[in-house]
4 protein chains.
Amino acid sequence: MRRLRMGMIGGGPGAFIGPIHRIAAELDRDIELVAGVFSSDAGRSQVAGAAYRIDPVRAYATVADMIAAETARPDGIDFVTIASPNHHHLSAARAALAAGIAVLSDKPATATLAEAHELAALVAAADVPYGLTYTYSGYPLVREARARVAAGALGTLRRIVVEYPQGWLATGARGKQAEWRVDPARAGDGGCIADIGVHALHLAEFVSGLRVERLLADLAAVVPGRSLDDDCQVLLRFTGGVRGTLIASQIMLGERNALRLRIYGTDGALDWRQESPNALTLHHADGRTEILRAGDGGLSADAVAASRTPGGHPEGYLEAFANLYRDFARQLRGEPGSLVPGIADGLRGMAFIDTAVRASRADAGWVALEI
Amino acid sequence: MRRLRMGMIGGGPGAFIGPIHRIAAELDRDIELVAGVFSSDAGRSQVAGAAYRIDPVRAYATVADMIAAETARPDGIDFVTIASPNHHHLSAARAALAAGIAVLSDKPATATLAEAHELAALVAAADVPYGLTYTYSGYPLVREARARVAAGALGTLRRIVVEYPQGWLATGARGKQAEWRVDPARAGDGGCIADIGVHALHLAEFVSGLRVERLLADLAAVVPGRSLDDDCQVLLRFTGGVRGTLIASQIMLGERNALRLRIYGTDGALDWRQESPNALTLHHADGRTEILRAGDGGLSADAVAASRTPGGHPEGYLEAFANLYRDFARQLRGEPGSLVPGIADGLRGMAFIDTAVRASRADAGWVALEI
Amino acid sequence: MRRLRMGMIGGGPGAFIGPIHRIAAELDRDIELVAGVFSSDAGRSQVAGAAYRIDPVRAYATVADMIAAETARPDGIDFVTIASPNHHHLSAARAALAAGIAVLSDKPATATLAEAHELAALVAAADVPYGLTYTYSGYPLVREARARVAAGALGTLRRIVVEYPQGWLATGARGKQAEWRVDPARAGDGGCIADIGVHALHLAEFVSGLRVERLLADLAAVVPGRSLDDDCQVLLRFTGGVRGTLIASQIMLGERNALRLRIYGTDGALDWRQESPNALTLHHADGRTEILRAGDGGLSADAVAASRTPGGHPEGYLEAFANLYRDFARQLRGEPGSLVPGIADGLRGMAFIDTAVRASRADAGWVALEI
Amino acid sequence: MRRLRMGMIGGGPGAFIGPIHRIAAELDRDIELVAGVFSSDAGRSQVAGAAYRIDPVRAYATVADMIAAETARPDGIDFVTIASPNHHHLSAARAALAAGIAVLSDKPATATLAEAHELAALVAAADVPYGLTYTYSGYPLVREARARVAAGALGTLRRIVVEYPQGWLATGARGKQAEWRVDPARAGDGGCIADIGVHALHLAEFVSGLRVERLLADLAAVVPGRSLDDDCQVLLRFTGGVRGTLIASQIMLGERNALRLRIYGTDGALDWRQESPNALTLHHADGRTEILRAGDGGLSADAVAASRTPGGHPEGYLEAFANLYRDFARQLRGEPGSLVPGIADGLRGMAFIDTAVRASRADAGWVALEI
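The rules behind the values
- Residues numbered from 1 in each chain as written.
- Chains lettered and ligands numbered in written order.
- Predicted model: local features only at pLDDT ≥ 70, side-chain atom pairs only at ≥ 80, totals over all residues.
- Heavy atoms only, no water.
- Least-squares fit on C-alpha atoms with pLDDT ≥ 70 in both.
- Contact = heavy atoms within 4.5 Å.
- Salt bridge = Lys/Arg side-chain N within 4 Å of Asp/Glu carboxyl O.
- Helix = DSSP H or I, 4+ residues; strand = E, 2+ residues; numbered from the N terminus.
- Buried < 20%, exposed > 50% of the residue type's maximum accessible area, 1.4 Å probe, protein only.
- Domains from an automatic or database assignment.
- Buried area = accessible area lost by both parts, 1.4 Å probe.
- Polar contact = N/O pair within 3.5 Å; in protein donor to acceptor, adjacent residues only side chain to side chain.
- Nonpolar A, V, L, I, M, F, W, Y, C, P; charged D, E, K, R; others polar.
- Phe/Tyr/Trp six-rings, centres within 6.5 Å; stacked < 30°, edge-to-face > 60°.
- Lys NZ or Arg CZ within 6 Å of the ring centre and 35° of its normal.

Novice: Lay out the relation of the copies chain B and chain A in plain terms, naming residues and giving numbers.
Specialist: Note on the chain copies: they are related by a rotation about an axis and a translation along it. When chain B is fitted to chain A, the residual RMSD is 0.0 Å, and the transformation amounts to a turn of 180° plus an axial shift of 0.0 Å. With respect to symmetry, the two chain copies, as superposed, fit the operation of a two-fold axis. Within chain B, the C-alpha atom positioned nearest to the axis of rotation is that of Gly365 of chain B, 3.0 Å from it. An overlap of 100% is found between the interface residues of chain B and their copies at the interface of chain A, pointing to a shared contact surface.

Novice: Give me the lowdown on the pattern of salt bridges, citing residues and values where you can.
Specialist: On inspection of all chains with the given rule, the structure shows 124 salt bridges over all chains. Its salt-bridge partner being Arg326 of chain A, residue Asp28 of chain A comes within 3.6 Å of it at the nearest N-O pair. With a gap of 298 residues between them, Asp28 of chain A in the loop between α1 (17-26) and β2 (31-37) and Arg326 of chain A in helix α11 (residues 317-332) connect regions that are remote in the sequence. For Asp28 of chain A, a relative accessible area of 23% translates into the label partly exposed. A salt bridge links Asp231 of chain B to Arg243 of chain A, with the nearest nitrogen and oxygen atoms 2.6 Å apart. Within this pair, whereas Asp231 of chain B is found in strand β8 (residues 231-238), its partner Arg243 of chain A is found in strand β9 (residues 243-249), the two belonging to separate chains. On the basis of relative accessible area, Asp231 of chain B is assigned to the buried category, the value being 0%. For Arg243 of chain A, a relative accessible area of 3% gives the class buried. One connected set of salt bridges, linked through shared partners, spans Arg159, Arg237 and Arg243 of chain A together with Asp218 and Asp231 of chain B.

Novice: Lay out the domain arrangement of chain A in plain terms, naming residues and giving numbers.
Specialist: Residue and element names in this part refer to chain A. With domains assigned, chain A is organised as domain 1 (4-135) and domain 2 (138-309 + 343-362). When each unit is reduced to the centre of its C-alpha atoms, the spacing between domain 1 and domain 2 is 26 Å. Contact with domain 1, which involves 27 residues of that partner, is made by 25 residues of domain 2. When domain 1 packs against domain 2, the two sides together hide about 2100 Å² of surface, and 65% of this comes from carbon and sulfur. Three residues stand out in domain 1 for area buried against domain 2, namely Lys107, Leu113 and Tyr134, and they jointly supply 30% of the buried area on that side. Our count for the contact surface shared by domain 1 and domain 2 stands at 4 residue pairs in polar contact (both at pLDDT 80 or more). Elements with a contribution of two residues or more to the side of domain 1 that touches domain 2: α5 (113-125) and β5 (130-132). Among the residues forming the side of domain 1 that touches domain 2, the class breakdown is 16 nonpolar, 8 polar and 3 charged.

Novice: Can you tell me about the packing of aromatic side chains, naming the residues and giving the values?
Specialist: Summed over the entire model, instances satisfying the criterion amount to 36 aromatic pairs over all chains. With a centroid separation of 5.4 Å and an interplanar angle of 65°, the aromatic rings of Phe79 of chain C and Phe328 of chain C are classed as edge-to-face. A residue pair is termed long-range when its members are at least 10 positions apart, and Phe79 of chain C in strand β3 (residues 79-83) and Phe328 of chain C in helix α11 (residues 317-332) qualify at 249 residues. Each member of the pair, Phe79 of chain C as well as Phe328 of chain C, is classed as buried. Counting every residue linked through ring pairs, the aromatic cluster contains Phe79, Tyr136, Tyr139, Tyr164, Trp272, Tyr317, Phe321, Tyr325 and Phe328 of chain A. Against the face of Phe206 of chain D rests Arg146 of chain D, its NZ or CZ located 4.9 Å from the ring centre.

What follows is the structure, encoded as structure tokens:
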């Protein structure tokens, strides 16, 4: 069985996320990066291609070039991975889907909700898979948490708190990664809410199996001169009226990437922290507190499948990311078992951003999250 | 210099908080419990008095009895401590103040905002101190945090998150302590918000030096059949527009008493957790993370004064509580340096409860917190 | 039932441990400090007595004075607590025991093993209790750990690691507390091994229920110019050949009081840390890791009895200390249930110090720990 | 610049370490697995080769076959990685070196000290690099720790504690990984000491820059019926008389892979734990405690080079392992900057095992660690 062939869009010089995608994609040796449009500048795309050690003729200047050339090759790419800023997502995905090439995309799905609707229609009409890299859903213990909730270990859910504190934009946007994220022309209408708020939303829904039905958003641009939100708090109501809080911020100085999810039910509760991803705290109704560790025996099939090392050998962000690639490869091969998010999650994330941004600006109180 | 003489109101058989008050009051040997109305039942008051080893004639059946008898004694009480359910707070304080006896009271100050206004007038007219036991403000590292913020270590404050998760009321109110807290006749209009939400509010204001000016409250009674709120989330705006989140809940199964405060500024941030009270995390603008420990050298005068043991010898809740008693004793003696909250804090707490309860019921959106 | 009356020996101005003893003794209102020889200097003893608020006539200049005066009073002391440096322990205990007054003493029991033998004979001949304040055995979760081991929760024990890192003597002895501890004339033959090594030994034996039968000691004075050991490592064999390691050091810069005990058996393991005393980690044979919290339901009777607050309200060093005083009070009243260590533990501790010091000096390899 | 071509020896079906080596080797896309002798059984080697997706003709039955065939190819392997049990290490390395093929080997270098001497001579005579995968030296914060010590941040070193608790062999050896480790015919004379004790030794020496000069070993086989040691404690003297303790155990039930290193100096101290590898605790002489995080700014060049993600995105065991492969690739290309251990470390590790095993059996007390 041959390795799947991947073309990357974005991820060129200075990009944080490109090399991450490359490592994650190839970690299990089931996927190979063979082509790319690493930059909208042809020369820079060549430089990046050389750094990735791909054949120079397959480091393209435009997405159209790549699609045309790769579809003409007998060993052309099986899918594209989109790692460019948000405003490129739709056009890149459109081009690939139109050529019958599968798409795995960075979140959020697009730059605007309108674009997401268009993309959803394109995906629905296509015959190939579309996936979204909500990375944190790839952690073994996130999948364990999801399996436990689904199995009823927490009883009826009552309360969810998801928070995502970062501090790297507390002091002005420095560097390429920061700059596009605070620029509405490239990031879209959402700043922090689109960059990390959607991660928090997805994680909460992924693990709880519930959906946010209503929300009350309070977003602000705290750093002087910034036009997009950098600090968000959102009150939530999930399916069945389950109460929730979502906090996402990029001005919490000193915080790195402190995504944390707590879910409380009638019979148990769980607590997971991204910066210590190999532990999952469970509270039981009888008062016992238990700590699960990734790689241990006794975990669910989903968690076991998502670990590559035994307990005590820490796995991290790259391995979680690789689990999404592995899932996507399964989809491409028509195998079952993928947990990678799809266009429905993408549309939902865009609706969340759009709803939260507009509701916050209008001070609209509680509003429905539709879709 | 003789020990100050204390009379206790409440704290009888089955009460959690009575023995705590007794230990805290006497910890530094500067105060002595000599009298009490430990129960509204005379026999039970006698039993409690014997357990506390006080003179049987000073275990009274009513507050009026105690005030009358103690004021007639040459060695009568110097102050009362009020440890009874909320609906008794006003009448007890009124009786003491009317007799010129100082009052140290459990929070919240009263059962309703109207009562708090009445009490504030009584305190203003009295010649004796009135204090409130917002216990958590007595921890050495809470005082250190306050001192650092006041000294500008965090720069301009931007964002505050205070949370107070508990789980003990997740499964129905069992026992004396739980029962009155979920009964509007004894607790007042606020459940969780009045029991622990005010602690969170006070801690945030005490450390930050800011005041909540506006809030948006989302309170609910999650456990079926409960009439008072048991789960609260409140969006905040502090002085100068500083953004805040307050979460308080008593249905977060598995949580004990996980009060936590985070404050983020332009130049630093801090993080304190009540269940590990002897550590304070500081984030500096240059990226360094520092851990302070109670009892260490180099702390502020307020923190040093609040510790009784060297670093590494854990102090806890009782010692924090004792720090409030020590402060109150200073006030009684006319000495400076007390950090014990007073009636202004009490009135403010009641306004917070009242505003949050009413705004949540009315789904009123953002409302002002006056007083 | 009246409060027991305590006389303190030592604990005068500048002493760390005197006020600690006073607080611990009086915490439960079952004991009262009424007299003392707080310093060998009469004037300083008076000053200390005033600070403790005791009757000036009961602040004595010598132990003999106190014993004579107190035995002549109808309300004389019931016991003495010895909080002076090690070289005073024997003479103070001898004087009290000779007068039929019970003794609670700081560890180690005496300054030398020969003194300990003499003291053991005196205690055996006396009609009153003798106790030793191995403080750490007073923590609720230490008692829980002991109860679990005794109930077989760990199966057959196999391996014990006890460590006690401190750093306060890393940079020369500053202050009264440090000075006598590094002076052989006042501390005896052991430095770190006598100051904290015996705590580690006692904790390991108290929880495991085993006894050290053989040891191999490697002690050294690391700080230049110091004559007593300040860094110790000791290999152990407990009853039945169970293997152990004991590390105690006062030159581990940055460590405060990081006493930690781990015990591993065939069916489980436990891990307790003094600086986070309210948590106890249990490893089960089926791979589960469980965290117990002081104050929780479901703990053993010994642990429940040793807690004064519900879960989540941290108790610390002072409360652990108070548990020893409470136990000792029970003994004085002839009540059962005391876990306070006695002269056998004292003699054993001195044998451990003596054996370790001599074996280390002689590079003697494995030696027996007799007594 | 082409990718380096790797042949693997060992790592076939059921092996834990084979896939780990493959992922680590290829993580940075600078090395490619192209050949292997994955099992001494030809059929199993084929199966493994297929799982690794290598060309079937390059899945060999014997090392000799692989060396012969690969040296004959224009695109033959650049180096072998040895991931087989210890008793195969020497013969595999000998065959590769004889053919001028570089070797990267699992630790320990060989099964016996005599073999290590032979190997050292072969390496000395060869023109190609030889490296050893002491994985834990690849963690960014281990390299940070090393850089800080080298820069004098801790002052003069005084005390080292390194411990490596595992529990997976507490209950009998189950599975392929366990079986050979407890079998002297395959593992050599050392059990736990050879499997993980050498990791602990290497880590301590790597970070401290010191060398163990003398040791006192206490090794035992605790699990009934086992002939090789499974629980080790070793007292150490490093260069200059610096005192140390090394604990390694595989019968500490409930422990996964809790390698931890503490180093104390006159001016500072550090503490690192493998199971939370992205944090490094530093104690400063002025009492401050600081927490460093991998991926943060301000770290040493070595630490920065060893991270692939920004702070807060956890990296783990696989990435640490990949850092060793990256270093080894540098050596193969003649580039500077490699920190991968070499034959000197390998010989030293074997001397440590041999010395500790023999000294413990003979109860020899302190002995020199030569080489």
